[in-house]
Amino acid sequence: MRAWRAYVIGSELLRQQLNRELQDNHGIALPDYEVLVRLSEREGGQMRMSQLAGQLASSKSRLSHQISRLEKAGLVRRVGCAEDARGVIAELTPKGLDTLRQAAPVHVQGVREHLVDLMTPEEQRVMAGLFERVIEHLDLT
């Protein structure tokens, strides 16, 4: 019970802090930053919406609303899928890439300061292994 409660509260406090730092410094929410990161890691800055939802552990509906907000801000755009007429692709715009590049140092510093630097290298390995197992166990994609 102690481990579960510490995880629940600690992970929520960490996400709130990282979100606050991104919002205060760059006007972008952590979930939106995560979308930009995922797209930036793909060739051409593009990913099918269904795949993106899976990588973000998000519902397709929630992601669709999120992408709509990011489109209005000029950070991403939707394009048709050449291989599948029903498919939709989210694409990172130049403005989105610029926003990501500006915000990334703040996010990386926050992750290091509020999590990574609090752990020993062994604790980092244990945490990574544990959550890789959780992801594998729960991944429904």
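Residues numbered from 1 in each chain as written. Predicted model: local features only at pLDDT ≥ 70, side-chain atom pairs only at ≥ 80, totals over all residues. Heavy atoms only, no water.

Draft legend 1. Just the layout of surface pockets, in detail. In this structure, the largest pocket spans a volume of roughly 1,900 Å³. Residue lining of the largest pocket: 42 residues in total, with Tyr 7, Ser 11, Arg 15, Phe 131 and Ile 135 positioned closest to the centre. The element best represented in the lining of the largest pocket is helix H6 (residues 121–138), accounting for 10 residues. A class-by-class count of the residues in the lining of the largest pocket yields 24 nonpolar, 9 polar and 9 charged. (1 Å grid on protein atoms, 1.4 Å probe; cavity = no way out; pocket = protein on both sides within 12 Å on 5 of 7 lines; lining within 4 Å. Points joined across faces, edges and corners; volume = space filled by probe spheres on them. Helix = DSSP H or I, 4+ residues; strand = E, 2+ residues; numbered from the N terminus. Nonpolar A, V, L, I, M, F, W, Y, C, P; charged D, E, K, R; others polar.)

Draft legend 2. The arrangement of the packing of aromatic side chains in detail. All told, the structure shown has 2 aromatic pairs when counted by the stated rule. Measuring from centroid to centroid gives 5.8 Å for Trp 4 and Tyr 7, while their planes differ by 35°, and the two rings are tilted. On the criterion of helical spacing, the pair formed by Trp 4 and Tyr 7 is a turn pair, its members being 3 residues apart in helix H1 (residues 2–26). When its relative accessible area of 54% is taken as the criterion, Trp 4 is described as exposed. Taking the relative accessible area as the measure of exposure, Tyr 7 reaches 39% and is therefore partly exposed. An aromatic cluster is present here, built from Trp 4, Tyr 7 and Phe 131 joined pairwise through their rings. (Phe/Tyr/Trp six-rings, centres within 6.5 Å; stacked < 30°, edge-to-face > 60°. Buried < 20%, exposed > 50% of the residue type's maximum accessible area, 1.4 Å probe, protein only.)

Draft legend 3. The side chain of Asp 32, seen in detail. You can see Asp 32 is positioned in helix H2 (residues 30–40). We classify Asp 32 as buried; its relative accessible area is 11%. Setting aside anything within four residues of it in sequence, one finds Asp 32 in contact with Gln 66, Arg 69 and Leu 70. (Contact = heavy atoms within 4.5 Å.)

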